[in-house]
Amino acid sequence: MNINATMLGQMIAFAFFVWFCMKYVWPPLTAALAERQKRIADGLEAAEKAGKDLEKTQEMVAEQLKEAKTQAASIIDQANKRATQIVEEAKNQGREEGQRMITGAQAEIEQEINRAKEQLRAQVASIAIAGAEKILEATIDEAAHAKITEKLAESL
Amino acid sequence: MAESAGEMAHEAVEHTQTQGEYIQHHLQFLTFGKDAEGHWGIAHGEEAVAEMGYWSFHVDMLGWSIGLGLIFILVFRAAAKNATSGVPGGFQNFIEWVFEFVETSVKDTFHGTNALIAPLALTIFCWVLLMNTMDIVPVDLFPWIAQQVSGDPEIAFRVVPTTDPNVTLGMSLSVFFLIIFYSIKIKGVGGFLKELAFQPFGPKMLPFNLLIEVPTLLAKPVSLGLRLYGNLYAGELVFLLIALFGAFQLPAHFIWAAFHLLVIPLQAFIFMMLTIVYLSQACEHH
């Protein structure tokens, strides 16, 4: 074992390498790894937050869906009610209209009958006179017998 | 590659070297220093190395050690530059995995804020791991390349820096200085000396306390450096012995390399962990 100045050289080299490592290797590596760790932690946190958000959104969606369904059901219900109402109304209207038409028609018929009676009355008077004239074959004083024929016509 | 190593080893044994000489040669360093006549140059032979004394350098060890250290800082610098908060690619991911492994080890052991300890641990772990990994390279490959390049068949060239006690003790002594520095910085000179003198038996038993605490303190850098050195040196020695097997060396190489794959990261990890533990002890009040 011969100890010589090699040891000194090794010590100087050692000191240099340690100094270099301390100055130019360790700090950037530590910084980069710390930053990476932070990024990973941030990423995990963000993922967790996103998961929570998703859950919340899903809940909201479910709630809204439920609301929409009840709303739709109530709308359908209302629509059904309204439809039956309309049908009912239409029926009533129809019935009323029919009634009115029937009454109108009856009134007209009555009028027609009256008019026909009136005409008939007028014609019957003249026909009766003509008939009587023909039967009697005589000149009848129209003025004298007018009362009789009128009475006859009125009795009709 | 192991085969070529075997052939060369075989040749070496048959023609030019005895087995002892082969191993001996493989345990010599490429040493640069001032020879007996006062000229700076590469030493030839063990006597020349001994003459150079303290002011000589193991050029091969320093070269590999600094080269591997540069690979470490360049790779990690590239990863640090590319590091973003986005999704990392394969290479980036691997580097960040190593980084986080070291960071976790530091955080589990060292409680407190210190900007130095974590980068220190990362440097130690990666650098020692790279240096240890050189042990897997076939023992004769780089010496053979060095011989071809230099044209000197006797040239000594080793490739595993952690098999040189200068390298491991250089690192462990640096850690030791940091232990002393932080002990005094956190506890003050008085607090540090009190810890040595008044524990564990109280002020009345001061000599005994010193007798226990001072060797404990001094044993830290020695054990730290020699543990790494011893493990890797032994591993390399076994590879050298296996290289002498001749034709049967391939399965033996494989088995030993597989076993050694456990030792390599384990020793790097132990060196790193003990450094963290020692420094956290230095930074804590007892």
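Residues numbered from 1 in each chain as written. Chains lettered and ligands numbered in written order. Predicted model: local features only at pLDDT ≥ 70, side-chain atom pairs only at ≥ 80, totals over all residues. Heavy atoms only, no water.

1. Section: the interface of chain A and chain B
No. 1: The interface of chain A with chain B comprises 30 residues on the first partner and 51 residues on the second.
No. 2: Buried surface at the junction of chain A and chain B, summed over both partners, amounts to about 3,700 Å²; 75% is from carbon and sulfur atoms.
No. 3: There are one salt bridge connecting chain A and chain B.
No. 4: With a closest N to O distance of 2.7 Å, Arg36 of chain A and Glu96 of chain B form a salt bridge.
No. 5: On the surface where chain A and chain B come into contact, there are nine residue pairs in polar contact (both at pLDDT 80 or more).
No. 6: Each residue belonging to the side of chain A that touches chain B can be placed in one class, and the counts come to 21 nonpolar, six polar and three charged. (Contact = heavy atoms within 4.5 Å. Buried area = accessible area lost by both parts, 1.4 Å probe. Salt bridge = Lys/Arg side-chain N within 4 Å of Asp/Glu carboxyl O. Polar contact = N/O pair within 3.5 Å; in protein donor to acceptor, adjacent residues only side chain to side chain. Nonpolar A, V, L, I, M, F, W, Y, C, P; charged D, E, K, R; others polar.)

2. Remarks on the nonpolar core
No. 1: One finds Phe76, Leu122 and Ile124 of chain B to be the most contacted residues of the largest nonpolar core, which totals 68 residues.
No. 2: Looking at this core, the elements that each hand over two or more residues are α1 (6–136) of chain A together with α4 (59–82), α5 (90–109), α6 (117–133), α8 (165–197), α9 (206–243) and α10 (249–283) of chain B.
No. 3: When sequence neighbours within four positions are dropped, the list of residues in contact with Leu122 of chain B reads Cys21, Val25 and Trp26 of chain A together with Phe72, Phe76, Val98, Phe99 and Val102 of chain B. (Core = buried A, V, L, I, M, F, W, Y, C linked by side-chain atoms within 4.5 Å. Buried < 20%, exposed > 50% of the residue type's maximum accessible area, 1.4 Å probe, protein only. Helix = DSSP H or I, 4+ residues; strand = E, 2+ residues; numbered from the N terminus.)

3. Some remarks on the pattern of salt bridges
Residues and elements named next belong to chain B.
No. 1: According to the stated counting rule, one finds eight salt bridges over all chains in the structure shown.
No. 2: For Arg158, the salt bridge goes to Glu236, with nearest N and O atoms at 3.0 Å. Separated by 78 residues along the polypeptide, Arg158 in the loop between α7 (141–150) and α8 and Glu236 in helix α9 bring together distant segments of the chain.
No. 3: Residue Glu236 is classed as buried on the basis of its relative accessible area, which comes to 6%.
No. 4: Residue Glu195 pairs with Lys187 through a salt bridge whose shortest N-O separation is 3.1 Å. Judged on exposure class, the residue Glu195 and its partner Lys187 are both buried.

4. So, the side chain of Gln10 of chain A
No. 1: With respect to the element layout, Gln10 of chain A can be found in helix α1.
No. 2: Accessibility expressed as a relative area gives 0% for Gln10 of chain A, which makes it buried.
No. 3: For Gln10 of chain A, the contacting residues outside a window of four places in its chain are Leu62, Ser65, Trp127, Met131, Asn166, Val167, Gly170 and Met171 of chain B.

5. What to know about the confidence of the model for chain B
Residue and element names in this part refer to chain B.
No. 1: Per-residue pLDDT for chain B averages 86, and the proportion of residues at 70 or more is 94%.
No. 2: Within chain B, the lowest mean pLDDT, 50, falls on helix α1 (residues 2–16), and the highest, 95, falls on α6.
No. 3: Every residue in residues 9–14 is under pLDDT 50, and counting partners more than four places away or in other chains gives nine contacts.
No. 4: Reported for the predicted complex are a pTM of 0.74 and an ipTM of 0.86. (pLDDT = per-residue confidence, 0-100.)

6. A look at the side chain of Arg158 of chain B
All names here are of chain B.
No. 1: On the basis of relative accessibility, which here comes to 2%, the residue Arg158 falls in the buried class.
No. 2: A distance of 2.9 Å separates a polar side-chain atom of Arg158 from the backbone oxygen of Leu27.
No. 3: Polar contacts involving the side chain of Arg158 include one to the side chain of Thr163, which spans 3.1 Å.

7. Overview of the sheet that holds strand β3 (residues 56–58) of chain B
Residues and elements named next belong to chain B.
No. 1: Pairing is antiparallel in the open sheet, where three strands are placed in the order β2-β1-β3. Each edge of the open sheet carries a strand with a single partner, namely β2 (40–42) and β3. Sheet twist, expressed as the mean angle between neighbouring strand axes with direction ignored, is 15°.
No. 2: In this structure, strand β1 (residues 31–34) lies alongside β2, joined through three bridges in antiparallel fashion. When the sheet's bridge partners are listed, Lys34 is paired in β2 with Trp40.
No. 3: Where α4 meets the sheet, its contacts fall on β1 and β3, and the angle it forms with β3 comes to roughly 55°. (Pairing = 2+ DSSP bridges. Axes fitted to C-alpha atoms, helices over the stretch in contact; angles between N-to-C directions.)

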